[in-house]
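If you want the building blocks of each chain, they are given just below.
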There are 2 protein chains.
Amino acid sequence: VSTYQCAAKSKHPNRKYVQKFDLATVYVSDAQYNRNIFFDTSPQAVRLYLLYNHWFMQMLVYVFIIINLALALFEDPAVVPLPIWATSTIEIICLSAFTVRMVHYAKVIPRDKFWKDPKNICIIVILSFIDLTIYGALKATGYFAIRWSRVLRPLLLVNVTEGRQLRRAFRSIRNALPQISYVFFLFMFSVLVFSLMALKLFGKRGLLTIDGSPYFTNYLDIVFDLYVLVTTANSPDVMMPAYNYSVFFTVFFILYIVINTYTFMSFFLAVVYNNYKKYLKEEVRQLVKARRFKMCRAFSLLQETRGEGGEPVVTQAKWNHLVKLVKPNISIAHRELLWSVLDDQNKGHIGKIAFVQLADLLSIQVITVKSQPHPIQICFPSVYNSSVSRFIRYMVRTRVFVYVYDLIILVNAVFIGLDEENPVVSNAEWGFLALYMLEIILKLYATEPRAFFARHHFWNWFDTIIIVSALFGTIINSALKHSGGYTSRQILDIVFILRVVRLIRLVDSIKRFRAIINTLIKIGPTILTFGQLIVVVYYIFAMVGMELFKGKVQFFEPNSTSPDQEYCGNPLLKGTTFAKLNYCKNNFNNVVSSFIVLLELTVVNQCGFTAVTHVSARIFFVLFHIVVVIIIINIFVAFILEAFLVEYTFDKSDLQTSLEKKIEELELNVQQYVPFGPPIKLFSIASFLIKGLLLFYFPGSRTVDGLLQRMFETDLRHEDFNEEEEPENINFSNPVFDSV
Amino acid sequence: VSTYQCAAKSKHPNRKYVQKFDLATVYVSDAQYNRNIFFDTSPQAVRLYLLYNHWFMQMLVYVFIIINLALALFEDPAVVPLPIWATSTIEIICLSAFTVRMVHYAKVIPRDKFWKDPKNICIIVILSFIDLTIYGALKATGYFAIRWSRVLRPLLLVNVTEGRQLRRAFRSIRNALPQISYVFFLFMFSVLVFSLMALKLFGKRGLLTIDGSPYFTNYLDIVFDLYVLVTTANSPDVMMPAYNYSVFFTVFFILYIVINTYTFMSFFLAVVYNNYKKYLKEEVRQLVKARRFKMCRAFSLLQETRGEGGEPVVTQAKWNHLVKLVKPNISIAHRELLWSVLDDQNKGHIGKIAFVQLADLLSIQVITVKSQPHPIQICFPSVYNSSVSRFIRYMVRTRVFVYVYDLIILVNAVFIGLDEENPVVSNAEWGFLALYMLEIILKLYATEPRAFFARHHFWNWFDTIIIVSALFGTIINSALKHSGGYTSRQILDIVFILRVVRLIRLVDSIKRFRAIINTLIKIGPTILTFGQLIVVVYYIFAMVGMELFKGKVQFFEPNSTSPDQEYCGNPLLKGTTFAKLNYCKNNFNNVVSSFIVLLELTVVNQCGFTAVTHVSARIFFVLFHIVVVIIIINIFVAFILEAFLVEYTFDKSDLQTSLEKKIEELELNVQQYVPFGPPIKLFSIASFLIKGLLLFYFPGSRTVDGLLQRMFETDLRHEDFNEEEEPENINFSNPVFDSV
């Protein structure tokens, strides 16, 4: 910041100039990070807005959200019970923090906009306060009370300004709902008709299920059983009594499975895929539009008219200043590269079209590493340059070195599989550890250490951390063992895990596997958005489930002698398969086991719980299946499908191509900077040397927004954006709670 | 045919002219049906080729294939045992029939081509003969023998000239295999690493599974258990012992499920979708190319040069003659419509470009119905035209009529759900039947009967068949009941099914549902191709499964008193869940139960069978899962996805648009021929009156090839085909067995 103030003082000492740059910086960084807050443009508001967007403030909000969500661990039914006054105090602190954040937000944006939009957060906060008060009062006076506002908590995660991706996902789901619901109603119609037929065909035959109850005699039971068949959970049990009676009845079930389990479920995927993609595309279109609009605003703040005729332009000096403000720690080489991409003809100034591209250019990941000689080379040049040393360095970089270590890993895998109490095996572990340490030391000898540990060298980091931790773990473990008082199974577990994880390195040696892994890693960040989505939905269902089922099923430690153990402490479960299969720990008695049960329900919809409460509790399970399996899992599959197709079939973006072309044009000293034998690059990195700095350029998109934009790039590229026009739907960007 | 001979005689009595038309006809019909046989063009070969393609000959081949496949029902282990001499005789007859067909084929195509291509069928037939002889000899002398050539039988279905679609599907799978295998190996690597970790974490803890066996102590068992977890069959059982021990171990399973069950399975879908689509597109491209090539051949046979300068053209007379030969029962109106589409400027002759379109035009479904007055109107004009009669006819066509009947169906649904032994309910059934009969009679009164029962009026046919059958069934049923000797549960079952099926009519009244159902119906024929694919794969696995597991598991009738009943007649199954859940009928003791077991394995991969044989039998189940679930089911889902997107998003083809434009241009008397209230059209039919004939034109594609072509139309449309060039890959079209 000091450089910038110096520059500002020396050239344009007036206040207005500084404010202008502040505002332009905000516009550019909003465009870069796709923030869509229509802040007040007054200087105070801009200062406040900068503070509002400060990483620390954003992190703080997330910390409070996590604390607020984690309260479920301590509230009744609790994993670790805390008194009500403690949890209430923490909740009040969290709610106050959200209120403060909201007041801050209110100061940033124009007053009329505030009351239009974040009313939802207000409502949640106020409701939580009221609910907390009522609950406290009722509990204090000894009444039965339910904290129903706990269900609303995860919605805070959706509604804070930072939950952009999540909000977008929710909005896409909401928009796709009508189409999904038509297929769903037809599917339900089909299930109802099949159930009616089952009632008529099997109801009067006096068949019995395996536990002796009458088979297919109650219509609602049949509907539920056939619905569960769609989730494949009760196949083939549901069919066995009819099949045992006559082989012809299987035709009914085969038809049912083909139509409902396969065709309709595929239809759901198709409808979700189609609609989700359609709405997401529209969202991305809006996003790109908003970004261009913001960049145009920034341009108009900095523009000046040049000489004859006079198109408005931005000079290199102003641009440099702006880039330094937006990205304070950008290297000079990187900045100059970006400028040379934008200022194609070396005019010293750029027009609007070029300026607008800045936000996209800044999103392309370029890492700078100083190209330096090896420290040993500096200290002992004669040793480092001796023929033996050169041979070692050469050997380390050959493929043979890699193959040898791949072989060592394979042998190690066999040793891991053997019984570790055999002294040969446990001593061999020291040998393997030594070999791995040797590998790292040799590599460090052959490469400059700072280059070896550059941020993008995933596998180098991976290796070093795993090996060093395993070394420490093994030493501690054997020290404990020799001292006699060996009890720590945990350390041994960690050592085992580290040993096995080491094998993953093998994947990196096979080119085809690497391509798949890279695709996985690239879509990783977006999978995290789905993770959030799942957490929100799970949390809501866990809260409801805990109110409905808490304490109904008890888990007894395996060595307990209680007679209740046999039926999970609930006589209603006597003789059920639920108790027989020892599912007692699958309960809603605290938030952790609730989450685990919900995961199990996602995989296969078991629902023994209906036995312990009313039959209508089945609604809970069917609802969960519809929301999680039919909608969210399908969206997840649709997303992976789309992302995979993009990564496999799409080309680089125009901008990336021009960046690469520029690198070639400038005849930069392009080094094939590949530290070791097989290219240990996470992405296909183009590296080049500029002014003594190694720049690593990562093709592909790093962020969720980037990936989404690439998905629809071919469609978006050719659209004619009217860059002056305000984005159509201003509402779309501010935190609006009509999304769920 | 007689008209054609007359025409030929009167105009061009020479033999050559007739032969030319024969050849052209063959080319056009080959193009229309996408037959790709490079037949000899000598007149005798063409005659033989016409016979070869005769529908009766093709049907005969299918009949023999079905008989051959159905032999599995009668061969040991049999559903209905027949002596070996009987089944062998039938098989020899079938194999002789295939040989005859092959000899016929050899006469049709050039000799050198024959020995290049259908060697696979030869091999199958010869092998079957040899196998049959050896088997017969061994059996006769009392040795143990296996009919291993039975596994090859379904491959006949793939390799006969008629199995075009199926062969294409197999070829696409084979081409997609390398890509799928990379993901599969990475997936298996992940399973192996997780298994090793599970062995290290859980193996030494002395945990027990629910049936008391040690938990996760054998590496291969762990691999198998974790593989089955991917199919979700043993969730959450496989996790419970670890979860009961410590909640932290669930992290292992959660990671496993997220990575392997969800991410990798989605990856499989993505890879299958991507590759299957890519190769299918290439196949369709080849198909279109081959079609154009054939049409060009036909054109060059019929062309003549017209006057000045002279582009080669085909005259209307020749064209008419050709169309009559290709499609003998085409109506004059239909033919004239097609000509007017091709001969845009009414020149009386068409060029090559227009001629080539004929094959596509013939594929567009146009149905001709004579527009006639109602028979009652002819017999009793005064009655039919009276105001009462007119009012009835008007009422039948209003929406009110439809709503009233929808309401009746709903009420009927409730009555069906009630106990049919209640006299009120069983008498109400007569009332409902009367109401439905009245509906059909009223509709028949309002519409000309032949129009009402036109081929495309799916729901009219549906209604009539269902109601009339239900009426007969109910009458027979109540006659049997009154005669006292009431035993037939089968008739009652049929009556019940007919009653419930009636409810499906409701779907047709709701527009959104109809759109979904139409999509389903349109992709129906292609789903049948998948049906064949599944039959081929199931048949092979059933044959192998029967050899491996026949007789290992016995089913006892429920009222049997045998003590073996408890463990399915196999002491090895004592106390297993397989026996406890009474899965005894899930066995490989005959081909029907084998198919049912395989279907169950497709839904959820249960494998209790490994208990009765060696552990290595698990390979059978894993292999089945890979082939059917990972590959075929994914292709099925991918296909539905693609077909759905096509039906929902694509426009009509160019040719269909020009056909529709022509209809408007000609100012045909376009009637909105909609017999009843809500458009009872299966597709959105455009109907029009030409020369006293109603023509129904069906947009959308009727055949599998048509649907496929539409899928890739936008890509294919703009390609520049060199129409003279022979299709690149001659082999691709003849029955080649390198497809599996």
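Under an unreviewed UniProt entry, chain A has the name Two pore segment channel 3 and belongs to Cyprinus carpio carpio. Under the UniProt heading Subcellular location (unreviewed entry), the entry covering chain A gives this text: "Membrane".

A. Region of the structure containing the overall build of chain A. In terms of helices and strands, chain A carries 32 helices and six strands. Taking all 740 residues of chain A together, the buried fraction comes to 54%. Restricting to contacts in chain A with at least 6 residues of sequence separation, those with at least 24 account for 72%. Only carbon and sulfur atoms are counted for the fraction: they give 64% of the accessible area of chain A, which is about 33100 Å².

B. Highlighting the sheet that holds strand β2 (residues 312-315) of chain A. Residue and element names in this part refer to chain A. Spatially, the three strands line up as an open sheet ordered β1-β2-β3, and their pairing is antiparallel. Among the strands making up the open sheet, the edge pair consists of β1 (304-305) and β3 (349-350). Sheet topology note: the β2/β3 ladder contains two bridges and is antiparallel. Bridge pairing in β3 places Thr 315 opposite His 349. Lying over the sheet, helix α12 (residues 250-302) contacts β1, β2 and β3, oriented at roughly 80° with respect to β2. Across the sheet, helix α13 (residues 316-326) touches β1, β2 and β3, and the angle it forms with β2 is around 65°.

C. Spotlight on the pattern of salt bridges. Applying the stated criterion across every chain yields a total of 30 salt bridges over all chains. In this structure, the salt-bridge partner of A:Arg205 is B:Asp493, at a minimum N-O distance of 2.7 Å. Residue A:Arg205 is found in the loop between α9 (164-202) and α10 (219-230), and its partner B:Asp493 is found in helix α24 (residues 489-502); the two belong to separate chains. What makes B:Asp493 buried here is its relative accessible area of 9%. Between B:Lys550 and B:Glu547 there is a salt bridge, with the nearest N and O atoms lying 3.9 Å from each other. Connected through shared salt-bridge partners, A:Glu75, A:Glu91, A:Arg150 and A:Arg153 make up one network.

D. How the structure looks around the sheet that holds strand β3 (residues 349-350) of chain B. Residue and element names in this part refer to chain B. Read from one edge to the other, the open sheet built from three strands follows the order β1-β2-β3, with strand pairing classed as antiparallel. Only two strands of the sheet have a single partner each, and these edge strands are β1 (304-305) and β3. The pairing of β1 with strand β2 (residues 312-315) spans two bridges and is classified as antiparallel. Across the sheet, Glu 304 pairs through a bridge with Val 313, a residue of β2. Along the sheet face, helix α13 (residues 316-326) touches β1, β2 and β3 and points at about 65° away from the line of β2.

E. Structural context of the relation of the copies chain A and chain B. Structural alignment of chain A on chain B gives an RMSD of 0.1 Å, achieved by rotating through 180° and translating 0.1 Å along the axis. Here the two chains are linked by the operation of a two-fold rotation axis. No C-alpha of chain A approaches the rotation axis more nearly than that of A:Ala233, which lies at 4.0 Å. Of all interface residues in chain A, 100% are interface residues in chain B too; the two copies therefore contact each other through one and the same surface.

F. Structural context of the environment of A:Gly203. Relative to the elements of secondary structure, A:Gly203 occurs in the loop between α9 and α10. Considering only alpha carbons, one finds A:Gly203 and A:Pro214, 11 residues apart in sequence, at a separation of 8.5 Å.

G. The confidence of the model for chain A, seen in detail. Residues and elements named next belong to chain A. The predicted model of chain A has a mean per-residue pLDDT of 77, with 81% of residues at 70 or higher. Predicted confidence is poor over residues 1-12, with pLDDT under 50, and the contacts of this stretch with residues over four places away or in other chains come to nine contacts. Note on residues 667-694: pLDDT under 50 across the span, and 88 contacts to partners over four residues away in sequence or across chains.

H. Molecular detail of the packing of α9(A) against α12(A). Residues and elements named next belong to chain A. One way to put it is that α9 packs onto α12 with a least axis distance of 7 Å and a crossing angle of 170°. Our classification of the angle between α9 and α12 gives roughly antiparallel. Among the residues making up the contact of α9 with α12, the classes are represented as 28 nonpolar, six polar and three charged.

I. How the structure looks around the interface of chain A and chain B. In this complex, chain A contributes 87 residues to the contact, which on the side of chain B involves 87 residues. Summed over both partners, the interface of chain A with chain B buries about 8600 Å², with 73% contributed by carbon and sulfur atoms. Three residues, A:Lys200, A:Lys204 and A:Phe267, lead the burial of chain A against chain B; their summed loss comes to 8% of the area buried on that side. Taken together, the connections running from chain A to chain B amount to two salt bridges. In this structure, the connection of chain A to chain B is made through 12 residue pairs in polar contact (both at pLDDT 80 or more).

J. Structural context of the side chain of B:Thr25. When you line up the elements, B:Thr25 lands in helix α2 (residues 15-33). The residues contacting B:Thr25, other than those within four sequence positions of it, are B:Leu322, B:Leu325 and B:Val326.

K. Representation of empty space enclosed by the protein. Roughly 1000 Å³ of volume is contained in the largest cavity. A:Thr232, A:Tyr262, A:Met265, B:Thr232 and B:Tyr262 are the residues nearest the centre of the largest cavity, which is lined by 38 residues in total. Secondary-structure elements contributing two or more residues to the lining of the largest cavity are α12, α28 (591-603) and α29 (618-649) of chain A together with α12 (250-302), α29 (591-603) and α30 (618-649) of chain B. Residues belonging to the lining of the largest cavity are distributed by class as follows: 22 nonpolar, 16 polar and no charged.

L. Layout of a nonpolar patch on the surface. All names here are of chain A. There is a patch of nonpolar side chains on the surface, built from Trp 55, Phe 56, Met 59, Leu 60, Val 63, Ile 67, Leu 82 and Ile 90 and spanning about 680 Å² of accessible area. At six residues, helix α4 (residues 55-70) tops the list of elements feeding residues into the nonpolar patch. Along the chain, Ile 67 falls in helix α4. The class of Ile 67 is partly exposed, set by a relative accessible area of 35%.

M. Expanded view of unusual backbone geometry. Residues and elements named next belong to chain B. The backbone of Phe 216 sits at a positive phi, close to 55°, despite the residue not being glycine. Checked against the element boundaries, Phe 216 lands in the loop between α9 (164-202) and α10 (219-230). On the basis of relative accessibility, which here comes to 4%, the residue Phe 216 falls in the buried class. In this model, Thr 232 sits at a positive phi of 65°, which is unusual for a non-glycine residue. Along the polypeptide, Thr 232 turns up in the loop between α10 and α11 (240-245).

N. Structural view of the nonpolar core. Counting residues in each nonpolar core, the largest one holds 326 residues, and the members touching the most others are A:Phe253 and B:Phe253. In terms of residues, this core owes the most to one element, α12(A), which gives 22 residues. Listed in part, the 45 residues of the second largest apolar core include B:Leu23, B:Tyr27, B:Phe39 and B:Val46.

Definitions and limits used
- Residues numbered from 1 in each chain as written.
- Chains lettered and ligands numbered in written order.
- Predicted model: local features only at pLDDT ≥ 70, side-chain atom pairs only at ≥ 80, totals over all residues.
- Heavy atoms only, no water.
- UniProt positions renumbered as here; feature names shortened; annotations may be inferred.
- Helix = DSSP H or I, 4+ residues; strand = E, 2+ residues; numbered from the N terminus.
- Buried < 20%, exposed > 50% of the residue type's maximum accessible area, 1.4 Å probe, protein only.
- Contact = heavy atoms within 4.5 Å.
- Areas by Shrake-Rupley, 256 points an atom, 1.4 Å probe, with all protein chains shown as cover.
- Pairing = 2+ DSSP bridges.
- Axes fitted to C-alpha atoms, helices over the stretch in contact; angles between N-to-C directions.
- Salt bridge = Lys/Arg side-chain N within 4 Å of Asp/Glu carboxyl O.
- Least-squares fit on C-alpha atoms with pLDDT ≥ 70 in both.
- pLDDT = per-residue confidence, 0-100.
- Parallel < 35°, antiparallel > 145°, perpendicular 65-115°, else oblique.
- Nonpolar A, V, L, I, M, F, W, Y, C, P; charged D, E, K, R; others polar.
- Buried area = accessible area lost by both parts, 1.4 Å probe.
- Polar contact = N/O pair within 3.5 Å; in protein donor to acceptor, adjacent residues only side chain to side chain.
- 1 Å grid on protein atoms, 1.4 Å probe; cavity = no way out; pocket = protein on both sides within 12 Å on 5 of 7 lines; lining within 4 Å.
- Points joined across faces, edges and corners; volume = space filled by probe spheres on them.
- Patch = residues over 30% accessible without salt bridge, like charges linked within 9 Å, V, L, I, M, F, W, Y side chains within 5 Å.
- Core = buried A, V, L, I, M, F, W, Y, C linked by side-chain atoms within 4.5 Å.

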